[in-house]
Amino acid sequence: MDWQVLETEHFKIIYPDRISGIETLAGTIAEESYDALSKNMGVTFTEKVRLYFSDEDEIENGFANPMGRGYSMMWVNLNGFRAGRNGSVKWLRHVISHELGHIFHYKAVWSDMGILQFLIATPIERHWTEGLAQYETEEWNSQRGDRWLRKAIFDNSPNFRDGQSIENGALMYAVGNSQLRYFTEKYGDSTLVDMLSWRDKKLGLLEYHDFDEAFNEYVDGGYDSFYDDWLKHVNVYYNTVAAGMERTDSLGTEPFDLPGQYYRDMTVSPDDRLIAINSIQSLSRPVRSLYIVKNDSTKEYRKVAEGSINYDMSWSRDGKSLYYSRLSRGENSSLYNDIYLLNVESGEEKRITISRKAAFPTQGENDEQIAYIVNEDGIGNLFIKDLESGKESRITNYQSDVQLAWPTWLPDKNRWLLYKFDENLNRRFILLNPENGEERVLLDDGKGDNHRPILSPDQKQFAFSSLRDEVPNVFVYDFESDSSRRVTNLFTGGDLFGWISETDSVDYQQFLIEASETKNRDHAYWIDVNRKPASQPVEVPQAYSSWRLKSPPHEIPFDIEADPLKMVDQYEYRPLRNITHAATIALPYYAGPDHWGIGGTTNWLEPIGKHLFTAFGSLSFPNTKENSYGAVNYQNNQFFPSLTFSAYNLPANSRFYGSRYLMEKLIGGEVMVSWPIDSFSKSYQSSWFTARIRHVLVNPIDREDFENGPVLPTPVKGRQTDLKIEWSLQKQKPWKNNAIHPLDGYGIKASLLGADKVLGSDVRYLEADINTYTTLPSIGTQRVYLQARYQQQWGRPFPQNDIGLTRYDNITITLPDQVFVQFFNDSERVRGYRKYVAGKRVLFGSAEYRMPFIPSLQTEILGLIRLGSTSLTLFTDAAIVGDAIQEDGSATTIDRWGAGAEIKNELRVFGLSFAHSVGIAQPVNDLFEDDFVDLYYRVKAVVPF
């Protein structure tokens, strides 16, 4: 993509030229936001703030980064903002103002230490960071606050850090939003400004801002006292409101549970016999799964799909197919929404569109058609596709800022029913005539925020969820009378998902709704469509309700028009001129009188990721040349694939070599290319191809301390030039204990490394390596883990690089992708044996039966080290080494087979989780008979890659 820059007085608007047209409006919104935020927060900028915009992925998000005094990245041109939000603001205004709220907050609490002040203080609490951005740029509303806060208050569970609910993320925003409004109402906006500008110094030198210390300065009792006061205040408000509304026990029916803990989307088949539900299993296991459930007393179900399925399911008229959209890899590996068709009986999924940015699929005007909404540069338009011919036809041709959702065909009226968020900020249902484009607005009563229309069986009415109560409640609209009526008045809300006819056991029509009074679980209900909700007029004293309407002194307009006069310059973007300093840390160290000095790291990046620079190392004294180390890494993402250039002088590739620990000093460099392989990409699965060319001087440290023999020759110093190609495929679903006890997953990695005597190199050899594993279900959360690996070498590598079996377990830790040096060797060991074997061919296999038994040891050391969950493992390892070298120098075949038991524990150090374990093993042939017992401790990842 070719990127451009549009400058305003205070900003640089940076965008790819393919989305040209939004830059002037974006710049105007940014300047209007700057004017209000600078006045409200007492903050100005001496340098222009960089705002990056992209439509490369269909992601409804943005982020602000304090690096380099602040910049922001935002995804734009989205049709998706229409349905999941409420209020009268478009996405571009929402995301720019919100992210600028963060940028101004970062500047308000900034110190000369930069981000290093986070090492000695807590300048930012996340819920207040989000709350401040919401308070300064948004109104209080349902989806960004009220519906989540009221449920948590009513459930007496306002702690968003309790680890109990998938809704805690939304609750964090709601708590921060509410607290900022209450704080400024009680103490004033000037106190907020004073608190943000508070500073102190450590050791009289290091200036910093700390959230709690600033609170203590301006509020008696600090944040804890304020929190108690706020909690009492909102309790009075919400419990008073609750007195005038319904609880779920007033629905006159019992709840029933469906698979999953949180119900994100449901739809009932045309014959009312099946329910499709898209649910999330739990907070600890946040897998999004699609189930087909029998709508009878058995509630039998089967899982048919999983992953990034959106909340827009609908059935075909014959009930044989289910339509939905997914966020999938598309053109140039971008993430786009596309339409999928699921055969309900077979479970076969078919992709209908590719890179179309399409969502909200439904049956078309006839049974051979499917209709959906296409995102055309942020504008929603309705299309129909013939499933047989593949021909796509346009139904609407909106050109202005319009978003659409939930299309429904009304055959009796020959009209489309649509949800429309128009250019005038109105959210309405409309009836659209596909022949001439005429529109009729429904429910034009000014109450708005009506969602998800569902037709009655006779198509004379439709039901919908409305957020007019700040929570969803169910209403019914009648086409003939052009009027609506309320069906529920639930305090914590109820989302509508289905409308069914009378049954043999129930002589009235029913709605399928989701409703819950706790954040910890959702429940489903069938309710009478003709029920009359209870209502009790209640007046909340203004003293307890006014915080909801509190706004900052200077408000940012919701509807902002592009103003070309605010633009001052325009030119081509130059990535290298925008390299931004991320962080630099340098600290002294002491490893003995002959090895002391300073070590550190520095990181620089270009905000859209085209260029990334990393360097780390140490400067040692007094033996500077011998003991100083360092590495530099440059990654270029301008092309496809990514290119990485590295140069280093580092100790690496460490492992046990016989009974001693060998570490090699590598001096050289490498170039690596990386491709994601999207043809293998699917839910929770990824695949990569990499190629690396390397030239390196291998210098084993203290090699003279190693004995020389046929099996263990003295490590050799020399040069190596090699090419390594590798393909990997891995699937791993999210689970809180993946670091210690994954519940599923599989992987395969195949690599080929070839070295030749070029550029002064000393070795020529070829090495092949195929490694694979899988995790299979067993009883409950117990699992069977299987691994198989085959390695073979041809030629003569350095002797220390022979393949084989180690005497002791090498350290294996799954490090972040950004770590470009292999610090630890990954050779295998058969537990139960303590003798090194080197050869030319190695076949290794391992089987483990893993049984979790302690969720957490609940032990923390200095706040930096934590001992987590624990599992017991019964295992057996086996290996065959071909052309294994014996003590007399001859070659033979050696086989090993061991078995034992092991206790694994999750160890978290500085936020990085890995597994460590203690175990006992013996050779199988001598199990429980021989005196030799292999008692060991190891640090080893629970999956090999």
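Higher on the page you've got the structure.
Residues numbered from 1 in each chain as written. Predicted model: local features only at pLDDT ≥ 70, side-chain atom pairs only at ≥ 80, totals over all residues. Heavy atoms only, no water.

### Some words on the sheet that holds strand β4 (residues 62-65)
Strand order in this open sheet of six strands is β4-β5-β3-β2-β1-β31, and the pairing throughout is mixed. On the outer flanks of this sheet lie β4 and β31 (567-572), each paired with one strand and no other. The mean inter-strand angle of the sheet, taken between neighbouring strand axes irrespective of direction, is 15°. Where strand β1 (residues 3-8) meets strand β2 (residues 11-16), five bridges bridge the pair, whose relative direction is antiparallel. Residue pairing across strands places E7 opposite K12, the latter belonging to β2. In the packing of helix α3 (residues 91-108) onto the sheet, contacts are made with β2, β3 (49-54), β4 and β5 (71-75), and the angle to β4 comes to roughly 20°. (Pairing = 2+ DSSP bridges. Helix = DSSP H or I, 4+ residues; strand = E, 2+ residues; numbered from the N terminus. Axes fitted to C-alpha atoms, helices over the stretch in contact; angles between N-to-C directions. Contact = heavy atoms within 4.5 Å.)

### Quick look at unusual backbone geometry
Where the residue is not glycine, phi is negative for most of them; where a peptide bond is considered, it is trans in most cases. Residue P622 is bonded to the preceding F621 through a cis peptide linkage, with omega at 0°. Following the sequence through the fold, P622 ends up in strand β34 (residues 611-622). Positive phi is not limited to glycine here, since K357 has a value of about 55°. Checked against the element boundaries, K357 lands in the loop between β15 (349-351) and β16 (358-363). Despite not being glycine, Q459 has its phi angle at roughly 65°, a positive value. Its location among the elements puts Q459 in the loop between β24 (450-455) and β25 (461-466).

### Some details on the packing of aromatic side chains
Applying the stated criterion across every chain, the model contains 54 aromatic pairs. Seen from their ring centres, W198 and Y208 are 6.1 Å apart, and the 80° between their planes marks the pair as edge-to-face. Note that W198 is positioned in the loop between α7 (189-196) and β6 (200-202) and Y208 in strand β7 (residues 206-208), a separation of 10 residues in sequence. When sorted by exposure, W198 lands in the same class as Y208, which is buried. On the basis of an interplanar angle of 70° and a centroid distance of 5.6 Å, the ring pair of Y657 and Y836 is categorised as edge-to-face. In this pair, Y657 is assigned in strand β36 (residues 642-657) and Y836 in the loop between β43 (803-805) and β44 (837-839), connecting sequence segments 179 residues apart. (Phe/Tyr/Trp six-rings, centres within 6.5 Å; stacked < 30°, edge-to-face > 60°. Buried < 20%, exposed > 50% of the residue type's maximum accessible area, 1.4 Å probe, protein only.)

### Here we look at helix α9 (residues 222-242)
In a regular helix each residue adds 1.5 Å, so 21 residues correspond to 30 Å; α9 covers 30 Å between its end C-alpha atoms and thus fits that length. Buried residues along α9 sit against α4 (126-137), α5 (142-154), α6 (168-187), α8 (211-218) and α10 (542-545). (Expected span 1.5 Å × (residues − 1).)

### Section: the packing of α5 against α6
For the pair α5 and α6, the least separation of the axes is 8 Å and the interaxial angle reads 100°. Between α5 and α6, the angle is such that the two are roughly perpendicular. Here α5 contributes R144, G145, W148, L149 and A152 to the contact with α6, which in turn contributes A170, L171, Y173, A174, V175, N177 and S178. Of the residues in the contact of α5 with α6, the class split is eight nonpolar, three polar and one charged. (Parallel < 35°, antiparallel > 145°, perpendicular 65-115°, else oblique. Nonpolar A, V, L, I, M, F, W, Y, C, P; charged D, E, K, R; others polar.)

On their own, these measurements won't tell you what the molecule is for.
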